[in-house]
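# Observations on the three-dimensional arrangement
Below are the chains, spelled out letter by letter.
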Amino acid sequence: MTNTSAQKGKNNPMRPDQMDISQIDLPESALAQRPTLLQRLRWSLSEIQWRLINRYRMTCSWLMWLGHKPSPMEVWAEKELRLAGWYDEDGFYGGMMGPALLRMIREFGAEGHSGMSAGISVGVFSRLARYEPLMPLEGDESEWSDPVNPDGMQQNTRCGRVFRRADGTAYDIEGKVFREPNGVSFTSGDSFVDVKFPYDPQTEYVDVPYGDGVTCEHCGDDLSGLMGHECGGAS
Ligand SMILES: [Zn+2]
(Lines give C-alpha, C1' and ligand atoms only; values in the text may rest on other atoms or scores of the structure.)
Protein backbone atom coordinates (compact mmCIF):
# COMPACT_ATOMS: atom_id res chain seq x y z
CA MET A 1 0.00 0.00 0.00
CA THR A 2 1.36 3.39 -0.96
CA ASN A 3 0.85 6.59 0.91
CA THR A 4 -0.13 8.87 -1.96
CA SER A 5 -0.59 12.00 0.07
CA ALA A 6 2.92 11.77 1.50
CA GLN A 7 4.36 11.20 -1.98
CA LYS A 8 2.47 14.15 -3.36
CA GLY A 9 3.80 16.41 -0.64
CA LYS A 10 7.38 15.24 -1.13
CA ASN A 11 7.91 16.64 -4.61
CA ASN A 12 5.88 19.81 -4.19
CA PRO A 13 7.87 22.97 -4.73
CA MET A 14 8.03 25.25 -1.73
CA ARG A 15 5.13 27.66 -1.49
CA PRO A 16 5.99 31.33 -0.86
CA ASP A 17 4.53 31.16 2.65
CA GLN A 18 6.78 28.22 3.51
CA MET A 19 9.99 30.00 2.55
CA ASP A 20 12.77 30.04 5.08
CA ILE A 21 12.95 33.72 5.90
CA SER A 22 16.35 33.33 7.56
CA GLN A 23 17.72 32.93 4.02
CA ILE A 24 16.55 36.39 3.02
CA ASP A 25 19.08 39.18 3.38
CA LEU A 26 17.62 41.78 5.69
CA PRO A 27 19.08 45.28 5.89
CA GLU A 28 20.99 46.15 9.07
CA SER A 29 18.20 48.43 10.27
CA ALA A 30 15.65 45.60 10.09
CA LEU A 31 17.93 43.28 12.06
CA ALA A 32 18.43 45.89 14.73
CA GLN A 33 14.65 46.20 15.11
CA ARG A 34 13.99 42.48 15.52
CA PRO A 35 11.74 42.00 18.54
CA THR A 36 13.11 40.23 21.59
CA LEU A 37 11.58 36.99 22.87
CA LEU A 38 9.97 38.90 25.73
CA GLN A 39 8.37 41.36 23.29
CA ARG A 40 7.06 38.49 21.16
CA LEU A 41 5.60 36.79 24.23
CA ARG A 42 3.92 40.00 25.25
CA TRP A 43 2.48 40.47 21.76
CA SER A 44 1.23 36.88 21.67
CA LEU A 45 -0.48 37.33 25.00
CA SER A 46 -2.16 40.56 23.95
CA GLU A 47 -3.15 38.89 20.66
CA ILE A 48 -4.82 36.03 22.54
CA GLN A 49 -6.47 38.48 24.89
CA TRP A 50 -7.64 40.58 21.92
CA ARG A 51 -9.14 37.54 20.16
CA LEU A 52 -10.93 36.37 23.29
CA ILE A 53 -12.31 39.83 23.88
CA ASN A 54 -13.49 40.03 20.30
CA ARG A 55 -15.09 36.60 20.52
CA TYR A 56 -16.86 37.21 23.80
CA ARG A 57 -16.86 40.97 23.61
CA MET A 58 -19.71 41.89 25.89
CA THR A 59 -19.00 39.25 28.56
CA CYS A 60 -15.27 39.96 28.58
CA SER A 61 -15.84 43.66 28.67
CA TRP A 62 -18.09 43.21 31.68
CA LEU A 63 -15.70 40.78 33.41
CA MET A 64 -12.64 42.81 32.64
CA TRP A 65 -14.06 45.93 34.17
CA LEU A 66 -15.88 44.25 37.06
CA GLY A 67 -14.61 45.97 40.16
CA HIS A 68 -12.65 48.36 37.96
CA LYS A 69 -12.21 51.80 39.45
CA PRO A 70 -12.89 54.29 36.66
CA SER A 71 -10.05 56.69 35.98
CA PRO A 72 -10.73 60.44 36.19
CA MET A 73 -10.63 60.51 32.39
CA GLU A 74 -13.35 57.83 32.15
CA VAL A 75 -15.58 59.64 34.64
CA TRP A 76 -15.12 62.86 32.75
CA ALA A 77 -15.62 61.22 29.34
CA GLU A 78 -18.81 59.44 30.39
CA LYS A 79 -20.25 62.70 31.71
CA GLU A 80 -19.41 64.42 28.41
CA LEU A 81 -20.88 61.55 26.37
CA ARG A 82 -24.10 61.66 28.40
CA LEU A 83 -24.34 65.44 28.10
CA ALA A 84 -23.97 65.17 24.33
CA GLY A 85 -26.76 62.60 24.18
CA TRP A 86 -24.68 59.59 23.13
CA TYR A 87 -26.30 57.46 25.84
CA ASP A 88 -29.88 58.45 24.90
CA GLU A 89 -31.86 55.44 23.74
CA ASP A 90 -33.92 57.63 21.43
CA GLY A 91 -30.80 59.33 20.03
CA PHE A 92 -28.39 58.46 17.26
CA TYR A 93 -27.60 54.70 17.06
CA GLY A 94 -29.97 53.90 19.93
CA GLY A 95 -27.53 54.92 22.67
CA MET A 96 -24.90 52.40 21.59
CA MET A 97 -22.27 55.01 20.74
CA GLY A 98 -21.78 56.14 24.35
CA PRO A 99 -20.78 52.74 25.78
CA ALA A 100 -18.71 51.94 22.67
CA LEU A 101 -16.75 55.17 22.95
CA LEU A 102 -16.30 54.76 26.69
CA ARG A 103 -14.84 51.26 26.11
CA MET A 104 -12.28 52.86 23.80
CA ILE A 105 -11.45 55.45 26.44
CA ARG A 106 -10.96 52.65 28.99
CA GLU A 107 -8.69 50.68 26.67
CA PHE A 108 -6.75 53.81 25.93
CA GLY A 109 -6.32 54.52 29.64
CA ALA A 110 -5.22 50.91 30.28
CA GLU A 111 -2.32 51.33 27.84
CA GLY A 112 -0.59 53.54 30.39
CA HIS A 113 0.59 56.18 27.95
CA SER A 114 2.77 59.12 28.81
CA GLY A 115 1.54 62.52 27.71
CA MET A 116 3.66 62.34 24.60
CA SER A 117 2.87 58.78 23.49
CA ALA A 118 -0.82 59.45 24.17
CA GLY A 119 -0.81 62.36 21.71
CA ILE A 120 1.06 60.38 19.09
CA SER A 121 -1.18 57.32 19.35
CA VAL A 122 -4.35 59.43 19.11
CA GLY A 123 -2.99 60.99 15.92
CA VAL A 124 -2.03 57.65 14.38
CA PHE A 125 -5.29 56.01 15.46
CA SER A 126 -7.46 58.71 13.95
CA ARG A 127 -5.70 58.27 10.61
CA LEU A 128 -6.00 54.47 10.68
CA ALA A 129 -9.65 54.61 11.75
CA ARG A 130 -10.37 56.74 8.67
CA TYR A 131 -8.36 54.49 6.36
CA GLU A 132 -5.75 57.20 5.86
CA PRO A 133 -2.23 55.94 5.11
CA LEU A 134 0.51 56.81 7.60
CA MET A 135 3.23 57.31 5.01
CA PRO A 136 2.95 59.07 1.65
CA LEU A 137 1.75 56.92 -1.24
CA GLU A 138 4.60 55.91 -3.53
CA GLY A 139 2.52 54.98 -6.57
CA ASP A 140 4.49 51.71 -6.94
CA GLU A 141 2.94 48.91 -8.97
CA SER A 142 2.25 47.01 -5.75
CA GLU A 143 -0.09 49.80 -4.60
CA TRP A 144 -2.66 49.35 -7.35
CA SER A 145 -5.73 47.11 -7.51
CA ASP A 146 -6.81 45.12 -10.52
CA PRO A 147 -8.56 47.36 -13.06
CA VAL A 148 -11.92 48.53 -11.71
CA ASN A 149 -13.46 49.39 -15.08
CA PRO A 150 -13.04 48.51 -18.77
CA ASP A 151 -10.83 51.61 -19.27
CA GLY A 152 -8.21 50.00 -17.05
CA MET A 153 -8.62 52.42 -14.17
CA GLN A 154 -7.07 51.17 -10.91
CA GLN A 155 -7.66 52.04 -7.27
CA ASN A 156 -4.85 52.62 -4.81
CA THR A 157 -4.95 49.80 -2.25
CA ARG A 158 -3.36 51.93 0.48
CA CYS A 159 -5.76 54.84 0.03
CA GLY A 160 -9.13 54.21 -1.64
CA ARG A 161 -9.66 57.82 -2.76
CA VAL A 162 -6.70 57.72 -5.15
CA PHE A 163 -7.07 56.24 -8.65
CA ARG A 164 -4.78 55.68 -11.62
CA ARG A 165 -5.78 56.00 -15.24
CA ALA A 166 -4.58 53.59 -17.91
CA ASP A 167 -2.10 56.26 -19.13
CA GLY A 168 -0.36 56.17 -15.74
CA THR A 169 -1.60 59.53 -14.41
CA ALA A 170 -3.27 59.50 -11.02
CA TYR A 171 -5.87 61.60 -9.22
CA ASP A 172 -7.49 62.04 -5.82
CA ILE A 173 -11.31 62.04 -5.87
CA GLU A 174 -11.41 64.03 -2.62
CA GLY A 175 -8.69 66.51 -3.53
CA LYS A 176 -11.25 69.33 -3.16
CA VAL A 177 -14.26 69.34 -0.87
CA PHE A 178 -16.83 72.09 -1.31
CA ARG A 179 -18.31 73.74 1.76
CA GLU A 180 -21.47 75.89 1.87
CA PRO A 181 -21.70 78.75 4.42
CA ASN A 182 -23.67 76.56 6.89
CA GLY A 183 -20.89 73.94 6.89
CA VAL A 184 -22.61 71.42 4.60
CA SER A 185 -19.80 69.78 2.61
CA PHE A 186 -19.92 67.78 -0.59
CA THR A 187 -17.74 66.38 -3.36
CA SER A 188 -18.42 66.38 -7.09
CA GLY A 189 -16.61 65.72 -10.34
CA ASP A 190 -14.76 69.00 -9.70
CA SER A 191 -13.23 67.43 -6.57
CA PHE A 192 -10.85 65.34 -8.67
CA VAL A 193 -7.27 66.62 -8.44
CA ASP A 194 -4.35 65.13 -10.34
CA VAL A 195 -1.52 64.02 -8.08
CA LYS A 196 2.18 63.22 -8.32
CA PHE A 197 4.00 60.65 -6.21
CA PRO A 198 5.09 60.50 -3.48
CA TYR A 199 1.67 61.81 -2.42
CA ASP A 200 0.40 62.50 1.08
CA PRO A 201 -3.40 62.68 0.63
CA GLN A 202 -4.60 66.24 1.14
CA THR A 203 -8.03 67.84 0.97
CA GLU A 204 -8.50 71.47 0.04
CA TYR A 205 -11.73 72.93 1.43
CA VAL A 206 -13.33 75.36 -1.00
CA ASP A 207 -16.00 77.73 0.30
CA VAL A 208 -18.92 77.98 -2.11
CA PRO A 209 -22.28 79.83 -2.03
CA TYR A 210 -25.51 78.13 -1.00
CA GLY A 211 -26.87 75.77 -3.62
CA ASP A 212 -30.13 76.27 -5.53
CA GLY A 213 -33.31 76.12 -3.47
CA VAL A 214 -31.72 76.60 -0.02
CA THR A 215 -33.93 78.78 2.17
CA CYS A 216 -33.44 80.28 5.62
CA GLU A 217 -35.21 78.25 8.29
CA HIS A 218 -35.92 81.44 10.26
CA CYS A 219 -37.02 84.07 7.76
CA GLY A 220 -37.64 81.87 4.74
CA ASP A 221 -35.39 83.97 2.46
CA ASP A 222 -34.05 82.30 -0.65
CA LEU A 223 -30.32 81.90 -0.08
CA SER A 224 -29.38 80.39 -3.46
CA GLY A 225 -26.02 81.72 -4.60
CA LEU A 226 -25.32 83.71 -1.41
CA MET A 227 -22.05 83.37 0.50
CA GLY A 228 -23.69 84.24 3.83
CA HIS A 229 -26.90 85.41 5.48
CA GLU A 230 -27.50 88.17 8.07
CA CYS A 231 -29.86 86.30 10.39
CA GLY A 232 -27.66 83.23 10.37
CA GLY A 233 -30.59 80.83 10.32
CA ALA A 234 -29.83 79.01 7.09
CA SER A 235 -30.57 75.30 6.94
ZN1 LIG B 1 -32.91 84.35 7.66
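The structure we're discussing is the one just above.
Attention in this report is confined to the structure presented alongside it. (Residues numbered from 1 in each chain as written. Predicted model: local features only at pLDDT ≥ 70, side-chain atom pairs only at ≥ 80, totals over all residues.)

## A look at the packing of helix α5 (residues 72-83) against helix α6 (residues 97-110)
We apply this condition: Here, axes are lines fitted to C-alpha atoms. For helices the fit covers the stretch in contact, and angles between N-to-C directions go from 0 to 180 degrees. Only DSSP runs of H or I with at least four residues qualify as helices, and only runs of E with at least two residues qualify as strands; both kinds are numbered from the N terminus onward. Any angle that is under 35 degrees is reported as roughly parallel, and any over 145 degrees as roughly antiparallel; angles of 65 to 115 degrees are reported as roughly perpendicular and all others as oblique. Crossing handedness: left-handed means the near helix sits turned counterclockwise from the far one by under a right angle, and right-handed means the same turn made clockwise. Contacts here follow a simple rule: the backbone-placed C-beta atoms of the two residues must lie within 7 Å. In the scheme used here, Gly and all other residues not listed as nonpolar or charged are polar, with Ala, Val, Leu, Ile, Met, Phe, Trp, Tyr, Cys and Pro taken as nonpolar and Asp, Glu, Lys and Arg as charged.
Look at α5 against α6: their axes get within 10 Å of each other, and the N-to-C directions meet at 160°. On the basis of their axis angle, the class for α5 and α6 is roughly antiparallel. Our pair here, α5 against α6, has a crossing hand that is right-handed. Across the interface between the two elements, M73, E74, A77, E78, L81 and R82 of α5 pack against G98, L101, L102, I105, R106 and G109 of α6. The class makeup of the residues in the contact of α5 with α6 is six nonpolar, two polar and four charged.

## Looking at the nonpolar core
Threshold: Residues enter a nonpolar core if they are buried, belong to Ala, Val, Leu, Ile, Met, Phe, Trp, Tyr or Cys, and are joined to the set through C-beta atoms within 7 Å. Buried residues are those with 20 or more other C-beta atoms within 10 Å of their own C-beta, exposed residues have 12 or fewer, and partly exposed residues lie in between; C-beta atoms are placed from the backbone.
Core analysis: the biggest nonpolar cluster contains five residues, these being L137, V162, F163, A170 and V195. In contact with L137, not counting residues within four places along its chain, are E143, N156, R158, C159, V162, F197, P198 and Y199.

## Re the sheet that holds strand β7 (residues 204-207)
Under the convention used in this document: DSSP bridges decide pairing: two strands pair if at least two such bridges lie between them.
The three strands are arranged β5-β4-β7 in an open sheet whose pairing can be described as mixed. Each having just a single partner strand, β5 (185-186) and β7 make up the two edges of the open sheet. Sheet analysis places strand β4 (residues 176-179) next to β7, joined by four bridges and oriented parallel. The residue bridging R179 from the neighbouring strand is D207, located in β7.

## Comments concerning the environment of P198
Structurally, P198 is set in the loop between β6 (193-195) and β7. For the pair formed by P198 and L137, sequence separation is 61 residues and the distance between their alpha carbons is 5.4 Å. Leave out the neighbours within four places in its chain, and P198 touches P136, L137 and E138.

## A look at the pairing of β4
Across two bridges, β4 lies against β5 in antiparallel orientation. Counted as the bridge partner of R179 is S185 from β5. Linkage of β4 to β5, two consecutive antiparallel strands, is achieved through a turn of five residues, within which G183 is found at a positive phi near 95°.

## As for unusual backbone geometry
Negative phi characterises most residues that are not glycine, and trans characterises most peptide bonds. Cis geometry marks the peptide bond from F197 to P198, where omega comes out at 0°. The backbone of Y93 sits at a positive phi, close to 55°, despite the residue not being glycine. Structurally, the position occupied by Y93 is in the loop between α5 and α6. Positive phi values are uncommon outside glycine, yet Y131 reaches one of about 60°. Tracing the backbone shows Y131 in the loop between α7 (115-129) and β1 (154-155). With 10 C-beta atoms packed within 10 Å, Y131 lands in the exposed category.

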